[in-house]
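Coordinate analysis (summary)
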Amino acid sequence: MTTQTAAPRRRADHPTWWRVPLVASALGLPVLALEYSAIRAQAGMGQYGAVIYWALALFAAAWALPHRRSFRTFRVLVAGAALVITLLPVTLLLLLAVMLAD
């Protein structure tokens, strides 16, 4: 009589589902925290607050999606959208600084 010690894994589970959300979160969450602290230090969130909350919600959605292979493309798109929303204001600010430096 043999006993199984590990729970059987479903065929549809993706073994490396966590890589894309981890990379996006590692790059985006520190920048998002800096943006949030900079905006809160000023007079308030204003209209830019919605951008921060959307990016945070997309990061959470990238982690919360089911771990099936069929959701791999959607997880990449959600994590990529969160990263773009987070990095776009910083990129535009750096581009503006470079243009005005001359």
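Presented here is a report on the structure given in the accompanying data block.

Rules used in this analysis
- Residues numbered from 1 in each chain as written.
- Predicted model: local features only at pLDDT ≥ 70, side-chain atom pairs only at ≥ 80, totals over all residues.
- Heavy atoms only, no water.
- Patch = residues over 30% accessible without salt bridge, like charges linked within 9 Å, V, L, I, M, F, W, Y side chains within 5 Å.
- Areas by Shrake-Rupley, 256 points an atom, 1.4 Å probe, with all protein chains shown as cover.
- Salt bridge = Lys/Arg side-chain N within 4 Å of Asp/Glu carboxyl O.
- Helix = DSSP H or I, 4+ residues; strand = E, 2+ residues; numbered from the N terminus.
- Buried < 20%, exposed > 50% of the residue type's maximum accessible area, 1.4 Å probe, protein only.
- Expected span 1.5 Å × (residues − 1).
- Contact = heavy atoms within 4.5 Å.
- Axes fitted to C-alpha atoms, helices over the stretch in contact; angles between N-to-C directions.
- Parallel < 35°, antiparallel > 145°, perpendicular 65-115°, else oblique.
- Left-handed = near helix turned anticlockwise from the far one by under 90°.
- Nonpolar A, V, L, I, M, F, W, Y, C, P; charged D, E, K, R; others polar.
- Phe/Tyr/Trp six-rings, centres within 6.5 Å; stacked < 30°, edge-to-face > 60°.

For the rest of this paragraph, the subject is a nonpolar patch on the surface. Together, Val 84, Leu 88, Leu 92, Leu 95, Leu 96, Met 99 and Leu 100 give the surface a local cluster of nonpolar side chains, amounting to about 720 Å² of exposed area. Within the element layout of this structure, Val 84 appears in helix H3 (residues 72-100). Val 84 gets classed as exposed once you look at its relative accessible area, which sits at 52%.

All right, on to helix H2 (residues 48-64) then. The end-to-end C-alpha distance of H2 is 25 Å, a good match for the 24 Å that 17 residues give at a rise of 1.5 Å each. All buried positions along H2 are accounted for by Gly 49, Ile 52, Ala 55, Leu 58, Phe 59 and Ala 62. Those residues of H2 that are buried are in contact with helix H1 (19-41) and H3.

Attention now moves to the environment of Ile 52. Tracing the sequence through the fold places Ile 52 in helix H2. Along the sequence, Ile 52 and Tyr 36 sit 16 residues apart, while their C-alpha atoms lie 7.1 Å from each other. When sequence neighbours within four positions are dropped, the list of residues in contact with Ile 52 reads Leu 32, Glu 35, Tyr 36, Ile 39 and Met 45.

Before going further, it helps to spend a moment on the packing of H1 against H3. Remark: H1 packs on H3, axes separated minimally by 9 Å, with the N-to-C direction vectors making an angle of 25°. What the angle tells us is that H1 and H3 run roughly parallel. Between H1 and H3 the crossing geometry is left-handed. When H1 is examined against H3, the residues Val 20, Pro 21, Ala 24, Leu 27, Gly 28, Val 31, Leu 32 and Glu 35 are found in contact with a partner set consisting of Arg 75, Val 76, Ala 79, Leu 83, Thr 86, Leu 87, Pro 89 and Val 90. Looking at side-chain class alone, the contact of H1 with H3 contains 12 nonpolar, 2 polar and 2 charged residues.

Take the packing of aromatic side chains next. Throughout the structure, instances matching the rule amount to 1 aromatic pair. With a centroid separation of 5.9 Å and 90° between ring planes, the pair formed by Trp 17 and Trp 63 is classed as edge-to-face. Here the residue Trp 17 occupies a position in the segment before H1, and Trp 63 occupies one in helix H2, the gap between them amounting to 46 residues. A relative accessible area of 33% means that Trp 63 is categorised as partly exposed.

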